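Chain by chain, the residues run as shown.
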Amino acid sequence: MTLATGEAPEAAWLERLRKAVASVPLDVVVHPGLVYCSEIAGSPLQRDGLGDECTRLLGRLGGPEVAVWAHNLGLGRNARASLAWSAAARASGAALLLHHHDFFFDNRWARWPEMRANGVPNLEAAARAVFPVAPRTAHITINGADH
């Protein structure tokens, strides 16, 4: 199992995760472009290569037998990461499981300027980023209201 994240997890949290999945080897890959865009502080250098990194990672892990569980991309805090994971999953044949429990349009319009500043020009582009459609893509919600 590989955990891809924008920042290194806290040691205690990572140790609990390793114990919880003790029978499964766990690799951690950190790419700064995976954090919320507001935490990137506008640096295009941290975003550069994100698509290549996602594609390389999925290619290294395998192909159609790989599944990506992407947590809460519907919040819209990093549309570039959403697009990168979607493109990488399509290219590699991996399944993309999008776990939604918050959405940018659900009383979070304060995030809209951030999304626009990070390459999302309109609502159609936002919808494509957070609700990608592909043959092996599934959208999963945790409650009836989000569904």
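Residues numbered from 1 in each chain as written. Predicted model: local features only at pLDDT ≥ 70, side-chain atom pairs only at ≥ 80, totals over all residues. Heavy atoms only, no water.

Q: Just to check I follow, could you spell out the overall build of the chain for this structure?
A: Across its full length, the chain carries 7 helices and 5 strands. Over its C-alpha atoms the chain spans a radius of gyration of 15 Å, differing by no more than 12% from the 15 Å that the globule rule assigns to 147 residues. Projected onto its principal axes, the C-alpha coordinates of the chain cover approximately 45 × 30 × 30 Å. Restricting to contacts in the chain with at least 6 residues of sequence separation, those with at least 24 account for 73%. Surface accessibility of the chain: about 8300 Å² in total, with carbon and sulfur atoms responsible for 57%. One finds the centroid of the 14 positive side-chain charges in the chain at a distance of 2 Å from the centroid of its 14 negative side-chain charges. (Helix = DSSP H or I, 4+ residues; strand = E, 2+ residues; numbered from the N terminus. Rg over C-alpha atoms; globule rule 2.2 N^0.38 Å. Contact = heavy atoms within 4.5 Å. Areas by Shrake-Rupley, 256 points an atom, 1.4 Å probe, with all protein chains shown as cover. Lys, Arg positive; Asp, Glu negative; His and termini not counted. Charge placed at Lys NZ, Arg CZ, Asp CG, Glu CD.)

Q: I keep staring at empty space enclosed by the protein and nothing clicks. Help me out?
A: The gaps left among the atoms become clear once a water-sized probe is rolled over them. Considering all chains together, one arrives at 2 cavities of 30 Å³ or more under this definition. Approximately 40 Å³ is the volume attributed to the largest cavity. Lining the largest cavity are Ala 4, Val 29, His 31, Leu 34, Leu 50, Glu 53, Cys 54, Leu 57 and Trp 85. Considered class by class, the residues forming the lining of the largest cavity number 7 nonpolar, 1 polar and 1 charged. The computed volume of the second largest cavity comes to approximately 30 Å³. Contributing to the lining of the second largest cavity are Cys 37, Gly 76, Arg 77, Asn 78, Ala 79, Glu 114, Met 115, Asn 118 and Val 120. Classifying every residue of the lining of the second largest cavity gives 4 nonpolar, 3 polar and 2 charged. (1 Å grid on protein atoms, 1.4 Å probe; cavity = no way out; pocket = protein on both sides within 12 Å on 5 of 7 lines; lining within 4 Å. Points joined across faces, edges and corners; volume = space filled by probe spheres on them. Nonpolar A, V, L, I, M, F, W, Y, C, P; charged D, E, K, R; others polar.)

Q: Any chance you could explain the sheet that holds strand β4 (residues 95-100) here in plain terms?
A: Sheet strands pair via backbone hydrogen bonds, and the direction of the pair is either parallel or antiparallel. Strand order in the open sheet formed by 3 strands is β3-β4-β5, and the pairing between neighbours is parallel. Of all strands in the sheet, those bounded by a partner on one side alone are β3 (67-71) and β5 (137-141). Here the strands of the sheet are splayed against their neighbours by 20 degrees on average, with no regard to which way each runs. In this structure, β3 lies alongside β4, joined through 5 bridges in parallel fashion. Among the inter-strand pairings, Trp 69 is bridged to a residue of β4, identified as Leu 97. (Pairing = 2+ DSSP bridges. Axes fitted to C-alpha atoms, helices over the stretch in contact; angles between N-to-C directions.)

Q: Any chance you could explain the side chain of Ser 86 here in plain terms?
A: Inspection of the secondary structure puts Ser 86 in helix α5 (residues 79-92). By relative accessible area, which is 5% here, Ser 86 ends up buried. Leaving out residues up to four positions away in the same chain, Ser 86 has contacts with Leu 96 and Pro 132. (Buried < 20%, exposed > 50% of the residue type's maximum accessible area, 1.4 Å probe, protein only.)

Q: Would you mind going over the layout of surface pockets with me for this structure?
A: Roughly 1200 Å³ of volume is contained in the largest pocket. Taken together, the elements giving at least two residues each to the lining of the largest pocket come down to β1 (2-5), α1 (11-20), α4 (50-61), β3 and α5. Taken together, the residues of the lining of the largest pocket sort by class into 23 nonpolar, 7 polar and 5 charged.

Q: What exactly am I supposed to notice about a nonpolar patch on the surface here?
A: On the surface, Phe 105, Trp 109 and Leu 123 cluster together to form a nonpolar patch covering roughly 310 Å² of accessible area. For Phe 105, the position within the fold is in the loop between β4 and α6 (112-117). (Patch = residues over 30% accessible without salt bridge, like charges linked within 9 Å, V, L, I, M, F, W, Y side chains within 5 Å. Salt bridge = Lys/Arg side-chain N within 4 Å of Asp/Glu carboxyl O.)

Q: Looking at this structure, how should I read the pattern of salt bridges?
A: For side chains bearing opposite charge, pairing can occur when the charged atoms are close. Counted according to the given criterion, the structure contains 5 salt bridges. Linking Glu 114 and Arg 77 is a salt bridge whose minimum nitrogen-to-oxygen distance equals 2.8 Å. With Glu 114 in helix α6 and Arg 77 in the loop between β3 and α5, this pair connects stretches of sequence that are 37 residues apart. Taken as a pair, Glu 114 and Arg 77 share a single burial class, namely buried.

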